[in-house]
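Residue-level structural notes
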Amino acid sequence: MTPLVQVENLEKRFDAVRALHGVSFEVEAGEWIAIMGPSGSGKTTLINILGGLDHPTSGRVVVDGMEIGELSERELTRYRSDKIGFVFQQFHLVPYLTALENVMLAQYFHSITDEKEAAEALRRVGLEDRLEHLPAQLSGGEQQRVAIARALINHPKLILADEPTGNLDEENEATILKLLHELHSAGHTILVVTHSQAIGNLADRRVELEHGRLARITLPVR
Amino acid sequence: MFWRIFRQLLRASRGRLTVALIALSSGSAISSALLNINLDAEQKLRHEFRTLGANVVVAPPSAGSDAALADASIMDRIGIGSPQMIAAAPYLYVAANAGAQPVILAGTWFDQVAKMNSWWKVDGAWVTSRDDSSHCLVGQAAAHQFGLAPGSHIELRAGERKVSLTASGIITAGSDEDTQIFTSLEVAQNLAGLPGRVSLVQLSVSGTPSEIDAFTSRLAGALPGLDVRPVRKLAAAEGSILGRIRGLIFWTITLILILTTLGVLASMAALAMERSRDVGLMKALGGSVQRIMRLFLAEAAALGVLGGTIGFAIGVVLARWIGGRVFGVAISPRLAVFPATIILAVGVALLGALPLRLLGRVRPAEILRGE
Ligand SMILES: Nc1ncnc2c1ncn2[C@@H]1O[C@H](COP(=O)(O)OP(=O)(O)OP(=O)(O)O)[C@@H](O)[C@H]1O
Ligand SMILES: [Mg+2]
């Protein structure tokens, strides 16, 4: 079986800055990968390239059989809505849309909206009584759960989370971890950038970056 | 979902959108007022112009000869009673001398001349009584030539006959009349030795061009053997003045629409700054540029329709006010102005929404990275 994600000799430059170079690894479908490393080591850059938000400078990135570096802007947009579920450190909800509408927005960009399904997704993350709230009326943890519901709504191949608990307290972090755990058990493929050893230890494997290079791939200590 | 997002978008940005709406409404108000004036005032001004000077002349058939053929009783036959007739003045032109120099004397009815030519600039005073035989009006060129001022005396001679008159006013008409001296009809007839005679009759008739044509041919039928013709020179002048007003209105509207666009641009630029993060996010979520732009274009179009409608309503009031103030005519609202205003307002709004359209180029990775 071919891996879901293949990264080969990936390089990304921002002018003089080499954010990534010589990075290669593979991810099997259903795996939970933690991407770790010090600040500035290229974790966000890697996630952005995998999510089709940025172009690699060179190297090959294949996700679900599609070579990302060769997609046009329009195809990348399609790719993001079809294959990827994003969760960001700053939650990134649309401030003037309700929780429900934020989830439906992803449906709208993907295909057609289904209010029942969106409400059900919010129920699964424990927000069934927050449907009509605006992001500003929700706690950080609740906003992040809306973002997770939104990331899942179109059944993506790949869930990409960039420090999803970075702005949360321990209690909320635990809730999010539990959700990620459930997603993993349900068979989702998850790549999560984290500084937290706790999350790193929950993952199947840890991809560690240093100065834009792949330092090592380790197995969690349990 | 489109309309759901659309509604929330409008609600979230109502502050900035209100500013843009105010700019659009005021721009549309002035534009639609001017358009309305252009459409409606034109016709009313044509009528107004009729009251400025003669537009029909009744003369003996051998035009050009100064034979004073028409009888004074012609004034009865013209029928001053017609509601279309604003004024009618008989004229007898006499070649006279003031001192050694020749001058054209125009004997006429002072009251009708004043009515017909109320726009003449008069230094001194009009002669108000039709048959005043001791005063005259002097064209400004003639006054200059003979050194006359209001109150000056002048002696006029024709052959052996002479008459002494006091200049009541110096008139400026901007035409041949400026070289003439106006006396009562009787004074001119006596001086020329042609009692009961006139050279021609000038009429001021109101109505549209076709109404005036109809009047002219009716009159020609009633006056066999006489030449009844419209005065083309004045009609042409009217056309050129209306053309200039139209040009003025066109350029004013253009200028105002440019200013309105700038106003809309300013608030849309601020809005674009506020929205760049959301657009980056929408693109990251797989929203295509067309889908996102469709929202903003719909927003701008809605703004245009609303601004145009408000502007039209205000414009009707404004047109009435300007019409009364400037042109002295009541402007009635023209429905054709409504779609025109809407089209202009929507066009301006779409143009002003340019900063929002530029948001399509936002790169989500950069937007989402920044705090
Ligand atoms: N758009 C950009 N232009 C220039 N340099 C960039 C850009 N994006 C990232 N970089 C640089 O690339 C390197 C990797 O950045 P990246 O954001 O991937 O690090 P990170 O591992 O996510 O760090 P952190 O843990 O602080 O989020 C950094 O040196 C950064 O300054
Ligand atoms: Mg990062």
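Refer to the structure presented above.
Residues numbered from 1 in each chain as written. Chains lettered and ligands numbered in written order. Predicted model: local features only at pLDDT ≥ 70, side-chain atom pairs only at ≥ 80, totals over all residues. Heavy atoms only, no water.

1. Let's talk about the overall build of chain B
Definition in use: Runs of H or I in DSSP of at least four residues are treated as helices and runs of E of at least two as strands, each being numbered from the N terminus. Radius of gyration: C-alpha atoms only; globule rule: 2.2 Å multiplied by the number of residues to the exponent 0.38. Areas reported as accessible are Shrake-Rupley estimates using a 1.4 Å probe. Residue values count occlusion only from the protein chains shown.
Of the regular secondary structure elements, chain B holds 12 helices and 12 strands. For chain B, the C-alpha radius of gyration of 32 Å lies well beyond 21 Å, the compact-globule estimate for 371 residues. Oriented by its inertia axes, the alpha-carbon framework of chain B measures out at about 110 × 45 × 30 Å. Accessible surface, chain B as shown: approximately 17,100 Å² in total, 62% of it carbon and sulfur.

2. Brief notes about the site of ligand 1
Applicable threshold: For each residue, the test is whether any non-hydrogen atom lies within 4 Å of the molecule or strand; if one does, the residue is near. Residues adjacent in sequence count toward polar contacts only when both atoms are side-chain atoms; beyond that, a polar contact is any pair of N or O atoms within 3.5 Å, and within protein one must be able to donate a hydrogen and the other to accept it.
Lining the immediate surroundings of ligand 1 are 14 residues, of which A:S39, A:K43, A:T44, A:T45 and B:R369 lie closest. Between an oxygen atom of ligand 1 and a side-chain N or O atom of A:K43, the distance comes to 2.8 Å. Between an oxygen atom of ligand 1 and a side-chain N or O atom of A:T45, the distance comes to 2.5 Å. If ligand 1 stood free it would expose 630 Å²; the protein chains cover 68% of that surface. Of all elements in the fold, only strand 2 (17–27) and helix 1 (43–50) of chain A reach the threshold of two or more residues within the shell around ligand 1.

3. With respect to the sheet that holds strand 7 (residues 158–162) of chain A
Backbone hydrogen bonds are what pair the strands of a sheet, in a parallel or an antiparallel way. Residues and elements named next belong to chain A. Rule in force here: In short, DSSP must find at least two bridges between two strands for them to pair. Only the contacting stretch of a helix is used when fitting its axis, a line to C-alpha atoms as for every element, and angles between N-to-C directions run 0 to 180 degrees. Residue contacts are defined here by distance: any two heavy atoms, one from each residue, within 4.5 Å place the two residues in contact.
Strand order in the open sheet formed by 6 strands is 6-7-8-3-9-10, with mixed pairing between adjacent strands. At either end of the open sheet lies a strand with only one pairing partner, and these are strand 6 (84–87) and strand 10 (213–218). Averaged over all pairs of adjacent strands, the angle between their axes in this sheet comes to 20°, without regard to strand direction. Pairing of strand 9 (residues 205–210) with strand 10 involves 5 bridges; the strand directions are antiparallel. Across the sheet, residue E208 finds its bridge partner in strand 10, namely R216. Here helix 5 (residues 140–152) sits on the sheet and contacts strand 6 and strand 7; the angle it forms with strand 6, its principal contact strand, is near 175°.

4. A few points about helix 1 of chain A
In an α-helix, one turn spans 3.6 residues, which is why side chains three or four residues apart end up on the same side. All names here are of chain A. Short version of the rule: Three exposure classes are used, based on accessible area relative to the maximum for each residue type with a 1.4 Å probe and protein chains only: buried under 20%, partly exposed in between, and exposed over 50%.
Counting buried residues in helix 1 gives 7 out of 8 residues, a clear majority hidden from the surface. Considered for burial, the residues of helix 1 that qualify are K43, T45, L46, I47, N48, I49 and L50. Following helix 1 by one or two positions, G52 has its phi on the positive side, about 75°.

5. Digging into unusual backbone geometry
Trans peptide bonds make up the majority, and among non-glycine residues the majority have a negative phi. All names here are of chain A. The backbone of D64 shows a phi angle near 50°, a positive value even though the residue is not glycine. Examined against the element boundaries, D64 turns out to sit in the loop between strand 4 (58–63) and strand 5 (66–67). Residues other than glycine seldom take positive phi values, yet F91 does so here, at roughly 65°. Structurally, F91 is set in the loop between strand 6 and helix 3 (99–110).

6. Examining the packing of helix 3 of chain A against helix 1 (residues 2–12) of chain B
To be explicit about the condition: Here roughly perpendicular refers to angles of 65 to 115 degrees, roughly parallel to angles under 35, roughly antiparallel to angles over 145, and oblique to all remaining angles. A crossing counts as left-handed when the near helix is turned anticlockwise from the far one by less than a right angle, and as right-handed when that turn is clockwise.
The N-to-C vectors of helix 3 of chain A and helix 1 of chain B enclose an angle of 130°; their axes lie 11 Å apart at closest approach. Classified by the interaxial angle, the pair formed by helix 3 of chain A and helix 1 of chain B is oblique. In this structure, helix 3 of chain A meets helix 1 of chain B at a crossing whose hand is left-handed. Mapping the contact onto sequence places A:L100, A:E101, A:M104, A:L105 and A:Y108 in helix 3 of chain A and B:F2, B:R4, B:I5 and B:Q8 in helix 1 of chain B.

7. Topic: helix 5 of chain A
Residue and element names in this part refer to chain A. We apply this condition: Expected span of a helix, by definition, is 1.5 Å for each gap between consecutive residues, and there is one gap fewer than residues.
For helix 5, spanning 13 residues, the distance from its first C-alpha to its last is 19 Å, which sits close to the expected 18 Å at 1.5 Å a residue. Burial of helix 5 is extensive: 12 of the 13 residues sit out of reach of the surface. Three or more residues of helix 5 are buried, namely G141, E142, Q143, Q144, R145, V146, A147, I148, A149, R150, A151 and L152.

8. What to know about the pairing of strand 3 (residues 85–98) of chain B
All names here are of chain B. Within strand 3, 10 of the 14 residues are buried, which leaves the element mostly enclosed by the surrounding structure. Pairing between strand 3 and strand 11 (residues 200–205): 6 bridges, direction antiparallel. Looking at strand 11, one finds that M85 is bridged to V205. Inspection of the sheet shows strand 3 paired to strand 4 (residues 101–108) by 7 bridges, in the antiparallel sense. Its bridge partner being in strand 4, N97 is matched across the sheet by P102. In this sheet, strand 7 (residues 153–158) lies alongside strand 3 in antiparallel orientation, the contact comprising 2 bridges. Paired with A98 across the strands is L156, a residue of strand 7.

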